[in-house]
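Each chain, letter by letter, is given below.
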Amino acid sequence: MSLIEVARLTDAQRASLDAYGQRWAQIRLSTSPGDRAAAEAGVAKAYAAASLPPPREIVWASGPREMASSWVRLRQTAGENVKSLVGDMVCRKAEAAADRAVGLGVRLALAGEPRLARVPAFCSSIDEAVHRGCERVRPPLRRRLADLFTLPNRRSRLGFASSSFSFQTAALLGGLQYLHDVVGLHRQTGGLAGLWEIAPHASWMLPHEHACWLADKPQLIRHDARARLHSAKGPALRYGDGWAAYAWKGVLVPSWIIERPELLSVRTISGAHDPQIRRCMIEVLTPERFIAEGGAYRVSQDETGILWRQRWRWEAWAAVEVVNGSPEADGTRKRYFLQVPANMRSAREAVAWTYGLPEQRYRPVVRT
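All figures in this text were calculated on a predicted structure; none of them were measured in a lab.

The rules behind these values
- Residues numbered from 1 in each chain as written.
- Predicted model: local features only at pLDDT ≥ 70, side-chain atom pairs only at ≥ 80, totals over all residues.
- Heavy atoms only, no water.
- Pairing = 2+ DSSP bridges.
- Helix = DSSP H or I, 4+ residues; strand = E, 2+ residues; numbered from the N terminus.
- Axes fitted to C-alpha atoms, helices over the stretch in contact; angles between N-to-C directions.
- Polar contact = N/O pair within 3.5 Å; in protein donor to acceptor, adjacent residues only side chain to side chain.
- Contact = heavy atoms within 4.5 Å.
- Core = buried A, V, L, I, M, F, W, Y, C linked by side-chain atoms within 4.5 Å.
- Buried < 20%, exposed > 50% of the residue type's maximum accessible area, 1.4 Å probe, protein only.
- Parallel < 35°, antiparallel > 145°, perpendicular 65-115°, else oblique.
- Left-handed = near helix turned anticlockwise from the far one by under 90°.
- Nonpolar A, V, L, I, M, F, W, Y, C, P; charged D, E, K, R; others polar.
- Phe/Tyr/Trp six-rings, centres within 6.5 Å; stacked < 30°, edge-to-face > 60°.
- Lys NZ or Arg CZ within 6 Å of the ring centre and 35° of its normal.

With respect to the sheet that holds strand S10 (residues 305-311)
Read across the sheet, four strands follow the order S9-S10-S11-S12 without closing on themselves; strand pairing throughout is antiparallel. The open sheet is flanked by strand S9 (297-302) and strand S12 (335-340), the only strands paired with a single partner. For this sheet, the mean angle separating the axes of adjacent strands, direction not counted, is 25°. The pairing of strand S11 (residues 316-323) with S12 spans six bridges and is classified as antiparallel.

Dropping the structure here:
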């Protein structure tokens, strides 16, 4: 006998997919102040779903950095970390139960709504930025010295990333809420009710036996057209505690690259150790200036353009310089510098690559 309860979605159920996709897209992008009382009620439900009594204290912070600072000072009295029970285990159980109850048609329909099936790229970048910033937060020196002479529980030594629950990258919550509310899988997914209540009002949670820390939503999130964390002017992410992160097309970069671009030069770019950051630095400076200031050498030139390249110890960068086929109003023609793979051997091959063609098939007749 099949255990499948819902083999396929009705037309009305399919019509609701868009509304739930929009709801969770708005939750992930929200920078509005949340309802702390509603989030605290959700915490009690989330603990109950994990068969735990509610925490004696809920500690709010205006951002994850402030939350991490409070956590490292007080976690010795907060009991064991229960993130695996309150967040991870409940999500896995609900996912497994829902997966057994729906047919392939339902899974394909959910996969077809990208806002429910996966999180945008900027959400993963937010998690990466917060983990980097908060892992550097350390207990006071007195506490660290005391820990040298004690044998604390293993979970008390977990870092921020292992102890915290991010609502930005909790990809399952949206789809499972849809299955609960619209498809009627109450028994399979009802244990997530607490997390669903917290998600619109808090960005991070640090759950422990006796205390639970919550962080407010960000005050600022900026991303580009491809949903990558990005801002050419100022931080791409900022919380109410003043902590901020800078990003260029999804790559986290030091703040000075965005705030002080006048400091960029061929020398500073060559001194960068991270290849991704080096490429971002070139884009902020602009490939045209990078080449004009001697940052790259000419590899080849033909009727299609000029191929430029620079090699460092472990990597290389290349761009092809092309001229716009259509003149401007004053008769001049704009020049463009298109980044291409560093293994290009000729300008023609590089230009052909930008069109997705091999060099042998690139035979332009009219350039526009």
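We are not done yet, so read on.
Some remarks on the environment of Ser84
The residue Ser84 is located in helix H4 (residues 83-101) in this model. Separated by 123 residues in sequence, Ser84 and Pro207 place their C-alpha atoms 9.2 Å apart.

Section: the side chain of Glu321
Locating Glu321 in the fold gives a position in strand S11. Polar contacts involving the side chain of Glu321 include one to the side chain of Trp308, which spans 3.0 Å. Every residue in contact with Glu321, bar those within four places of it in the chain, is listed here: Thr304, Gly305, Ile306, Trp308, Arg335, Tyr336 and Phe337.

With respect to the side chain of Ser125
As for its placement among the helices and strands, Ser125 is situated in helix H7 (residues 121-135). Once residues within four sequence positions are removed from consideration, Ser125 is found in contact with Leu229, Gly250 and Leu252.

Some thoughts on the nonpolar core
Counting residues in hydrophobic clusters, the biggest one holds 42 residues, and the most contacted among them are Leu179 and Leu195. Contributions of two or more residues to this core are made by helix H1 (11-29), helix H2 (36-49), H4, helix H5 (104-111), helix H10 (172-183), helix H12 (193-198) and strand S4 (211-215). With six residues, the top contributor of residues to this core is H4. For Leu179, the residues in contact, after removing those within four places along its chain, are Ala98, Val102, Val106, Leu110, Gly184 and Leu185. Within the second largest apolar cluster, 29 residues are counted, among which are Trp71, Val72, Cys134 and Leu206.

Thoughts on the sheet that holds strand S2 (residues 165-166)
Strand order across the open sheet formed by four strands is S1-S4-S3-S2, with mixed pairing between neighbours. Each of the sheet's edge strands pairs with one partner strand only, and the pair in question is strand S1 (57-61) and S2. Across four bridges, the pairing between strand S3 (residues 204-207) and S4 is antiparallel. Pairing of Met205 across the sheet is with Leu214, part of S4.

Observations regarding the packing of H4 against H10
Packing of H4 against H10 leaves a shortest axis separation of 11 Å and a crossing angle of 50°. Judged by the inter-axis angle, H4 sits oblique to H10. Like other packed secondary-structure pairs, H4 and H10 cross with a definite hand, here left-handed. Together, Cys91, Ala94, Glu95 and Ala98 of H4 and Leu172, Leu173, Leu176 and Leu179 of H10 make up the contact between the two elements. Considering only residue class, the contact of H4 with H10 consists of seven nonpolar, no polar and one charged.

What about the packing of aromatic side chains?
To describe a pair of aromatic rings, you give the distance between the ring centres and the angle between the ring planes. Going through the model one piece at a time under the given rule, you end up with seven aromatic pairs. When the ring of Trp71 is compared with that of Phe160, the centres are 6.2 Å apart and the planes differ by 75°; the resulting orientation is edge-to-face. Of this pair, Trp71 sits in helix H3 (residues 64-74) while Phe160 sits in helix H9 (residues 160-163), placing them 89 residues apart in sequence. For the pair formed by Trp71 and Phe160, the shared burial category is buried. Aromatic side chains Phe165 and Phe167 sit 5.1 Å apart centroid to centroid with 70° between the ring planes, which places their arrangement in the edge-to-face category. A network of ring pairs unites the aromatic residues Trp71, Phe160 and Trp204 as a single cluster. For Arg23, the ring lying beneath its charged end belongs to Tyr20, and the centroid distance is 4.4 Å.

None of this, on its own, says anything about what the molecule does.
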